[in-house]
Amino acid sequence: MTDVDGNIYVDYLLGQGPLLLGHSSPTVVEAVKRVLEQGQLFGGQHELEISVAKRMCDLIPCAELVRFGSSGSEMVQIALRLARAFTGRNLVLKFEGHYHGWFDNTLVSVHPPLGQAGERTSPNSVPGSKGQDPAAVADTRVLPWNDEKVLREFFTEHGDRLAALIMEPVMLNTHAVLPRPGYLEEARRLCDEHGTVLIFDEVITGFRLGLSGAQGRFHVVPDLAVFGKAMASGFPIACLAGRQRLMDLIAGGEVVHAGTFNSNLTVMAAADATTRALAEDGAQSYEGMTRRGEQLMEGIREIASRHGLPLLVEGLPTAFATAYTDRPEIRDYREFAEHCDQTKYKRLALALLERGVHVALRGIWYLSTAHTEDDIEKTLEAVEGALLAVESDREPAGERG
Ligand code: PMP
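Definitions and cut-offs
- Residues numbered from 1 in each chain as written.
- Predicted model: local features only at pLDDT ≥ 70, side-chain atom pairs only at ≥ 80, totals over all residues.
- Heavy atoms only, no water.
- Pairing = 2+ DSSP bridges.
- Helix = DSSP H or I, 4+ residues; strand = E, 2+ residues; numbered from the N terminus.
- Axes fitted to C-alpha atoms, helices over the stretch in contact; angles between N-to-C directions.
- Contact = heavy atoms within 4.5 Å.
- Buried < 20%, exposed > 50% of the residue type's maximum accessible area, 1.4 Å probe, protein only.
- 1 Å grid on protein atoms, 1.4 Å probe; cavity = no way out; pocket = protein on both sides within 12 Å on 5 of 7 lines; lining within 4 Å.
- Points joined across faces, edges and corners; volume = space filled by probe spheres on them.
- Nonpolar A, V, L, I, M, F, W, Y, C, P; charged D, E, K, R; others polar.
- Left-handed = near helix turned anticlockwise from the far one by under 90°.
- Polar contact = N/O pair within 3.5 Å; in protein donor to acceptor, adjacent residues only side chain to side chain.
- Domains from an automatic or database assignment.
- Buried area = accessible area lost by both parts, 1.4 Å probe.
- Salt bridge = Lys/Arg side-chain N within 4 Å of Asp/Glu carboxyl O.
- Arc of directions from axis to C-beta.

Trainee: Describe the sheet that holds strand β3 (residues 91–95), listing the residues and the values that go with them.
Mentor: Strand order in this open sheet of seven strands is β2-β8-β7-β6-β5-β3-β4, and the pairing throughout is mixed. Since the sheet does not close on itself, it has two edges, and those belong to β2 (65–69) and β4 (140–143), each with one partner. Here the strands of the sheet are splayed against their neighbours by 20 degrees on average, with no regard to which way each runs. Looking at chain direction, β3 and strand β5 (residues 162–167) are connected through three bridges and run parallel. Following the sheet pairing, Leu-93 is matched in β5 by Leu-165. Contacting β2, β7 (224–227) and β8 (238–242), helix α2 (residues 47–59) crosses the sheet at an angle of about 130 degrees to β2. Against the sheet, helix α6 (residues 183–194) contacts β3, β5 and β6 (197–201), and its axis sits at roughly 165 degrees relative to β5.

As structure tokens, this is what we get:
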């Protein structure tokens, strides 16, 4: 990435994740250019839409049918509407630290101030913005993630009123936290037992963790899943994938899903080129990204430990997080909020920027197929310089914003 002053950066933000093939991947750019002269929007089906739909159904375990839309936030809404229609219930359960878009019923307890968050095991539903409809917020219940006992107790008490359980199968909107062994299986079991629709929000994990998403990686299949970001290299598309018995409600017109720009030619060309490139290269892309991600994670750990700095590196090679903390691991939102020094981390991110490395201020690092060994080496040099610069900086935390 080059900024307005001509400074060049190795980019690990990747437009908040979508650029799995790097910026301006020639494969994707060529595919989009080709369709630009064929048309933009037909208000009906076309071949590219069928091609991407078939590929999604081939690759994604829960995908018996799919729908396309233009953003993750929006496709989460149709997933929740389907779940309410299917179950005849109203309540939705989500987890602290998980993000499912900016709408009234989902921007709830994403990063709640600890003073407002309530008891750990029965948290308040805290809106993230002024102006949210209080009724929508109240129907969204919240729990700490990764705690089987609390989840079981909630289902015992409220399971028969619960339309949907929605989660990021790997929590990547707060640090990078893997599900504890057995947790996803237990969520699946409880949803089956209580007739609740299990929704995986794979907007980040989709294609980033592998061709079949987190559900393929962890072998737990949800009823519905939402994909977005990495499926189209930066073009605005998202996808709802799910079981036929649910998706048929849309096909039959009982549940409405619409959108003028859904499945337009440009985004479908980008999605087709991206998913085809990933699906047809015999896992090479993922192997390369994983290798370089591992090098980076290990390298950062080694530098931090050599200098005795409490920098925790966790997650998966294609999406990992770094945080200043004395904890050996972070398991949920509260642990992150209470034990990670986010102000200091922002200083590290700015020090990295000054050394030619662009990372998210919140700690996440995304890998792409475009990152090279050379990029990793340069990055590790910058990391060492930036870590030491932050330590030698005597300004009190908070002054730099
Ligand atoms: N779900 C998750 C897990 C996300 O990370 C995001 C976006 N960061 C969304 C949903 C919302 O997607 P969009 O920004 O495309 O509306």
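Trainee: Can you lay out the environment of Leu-36 for me, pointing to particular residues and giving the numbers?
Mentor: Within the fold, Leu-36 resides in helix α1 (residues 26–36). We classify Leu-36 as partly exposed; its relative accessible area is 43%. Each C-alpha atom of the pair Leu-36 and Pro-113 lies 46 Å from the other, and the pair is 77 residues apart in sequence.

Trainee: Give me empty space enclosed by the protein: which residues, what numbers.
Mentor: Applying the stated criterion across every chain yields a total of one cavity of 30 Å³ or more. Approximately 40 Å³ is the volume found for the largest cavity. Forming the walls of the largest cavity are Ile-300, Leu-311, Thr-322, Leu-348, Leu-352, Trp-365, Val-383 and Leu-387. At the level of elements, α12 (342–354) and α13 (373–392) are the ones that each hand at least two residues to the lining of the largest cavity. Each residue belonging to the lining of the largest cavity can be placed in one class, and the counts come to seven nonpolar, one polar and no charged.

Trainee: Tell me what's going on with the packing of α1 against helix α9 (residues 265–280), and back it up with residues and numbers.
Mentor: Contact geometry of α1 with α9 gives a least axis separation of 8 Å together with a crossing angle of 145 degrees. Viewed along their axes, α1 and α9 form a crossing whose handedness is right-handed. Contacts from Thr-27, Val-28, Ala-31, Val-32, Val-35 and Leu-36 of α1 reach α9 at Leu-265, Thr-266, Ala-269, Ala-270, Ala-273 and Thr-274. Split into classes, the residues belonging to the contact of α1 with α9 amount to nine nonpolar, three polar and no charged.

Trainee: Explain the side chain of His-175 to me, and be specific about the residues and the numbers.
Mentor: Along the polypeptide, His-175 turns up in the loop between β5 and α6. The buried category is assigned to His-175, whose relative accessible area is 2%. Polar contacts involving the side chain of His-175 include one to the side chain of Glu-314, which spans 2.8 Å. With near-sequence residues (within four places) excluded, His-175 lies in contact with Leu-312, Glu-314, Ala-321, Ala-323, Ile-330, Phe-336 and Ile-364.

Trainee: I'd like a description of the sheet that holds strand β10 (residues 319–324), backed by residues and values.
Mentor: A sheet is described by the order of its strands in space; here three strands give the open sequence β9-β10-β12, paired in antiparallel fashion. At either end of the open sheet lies a strand with only one pairing partner, and these are β9 (311–316) and β12 (364–366). Looking at each pair of strands side by side, their axes are set apart by 25 degrees on average, direction ignored. Strand contacts of helix α10 (residues 284–306): β9, β10 and β12, with the helix running at about 165 degrees to β9, the strand carrying the most contacts. Strand contacts of α13: β9, β10 and β12, with the helix running at about 20 degrees to β10, the strand carrying the most contacts.

Trainee: So, the domain arrangement of the protein: which residues are in play, and what are the values?
Mentor: Domain boundaries in the protein define domain 1 (10–21 + 283–399) and domain 2 (26–280). Using C-alpha coordinates to define each centre, domain 1 is positioned 26 Å away from domain 2. Of the residues lining the interface, 31 residues belong to domain 1; the matching set on domain 2 comes to 39 residues. The junction of domain 1 with domain 2 conceals about 2900 Å² of combined surface from both sides, 61% of it contributed by carbon and sulfur atoms. When residues of domain 1 are sorted by the area they lose upon contact with domain 2, Tyr-286, Tyr-333 and Arg-334 head the list and together hold 27% of the total. Linking Arg-334 and Glu-96 is a salt bridge whose minimum nitrogen-to-oxygen distance equals 2.7 Å. Across the contact surface, domain 1 and domain 2 share 13 residue pairs in polar contact (both at pLDDT 80 or more). With five residues, helix α11 (residues 333–339) is the single largest residue contributor to the side of domain 1 that touches domain 2. Here the side of domain 1 that touches domain 2 is composed, by residue class, of 19 nonpolar, five polar and seven charged.

Trainee: Give me the lowdown on the pattern of salt bridges, citing residues and values where you can.
Mentor: Inspection of every chain in the model, using the stated rule, returns 26 salt bridges. Across the pair Lys-149 and Glu-153 runs a salt bridge, and its minimum N-O distance is 3.2 Å. Of the two residues, Lys-149 and Glu-153 are both situated in helix α5 (residues 148–158); the distance of four residues between them amounts to about one turn of the helix. Measuring nitrogen to oxygen at the nearest pair gives 3.3 Å for the salt bridge that ties Asp-223 to Arg-245.

Trainee: Which residues make up α1, and what values do they have?
Mentor: Buried within α1 are the following residues: Val-28, Ala-31, Val-32 and Val-35. All buried residues of α1 project into a common sector of 95 degrees when viewed along the axis, lining one side. Turned more than 90 degrees from where α1 packs its buried face, Pro-26 and Arg-34 sit exposed. The elements touched by buried residues of α1 are α2 and α9.

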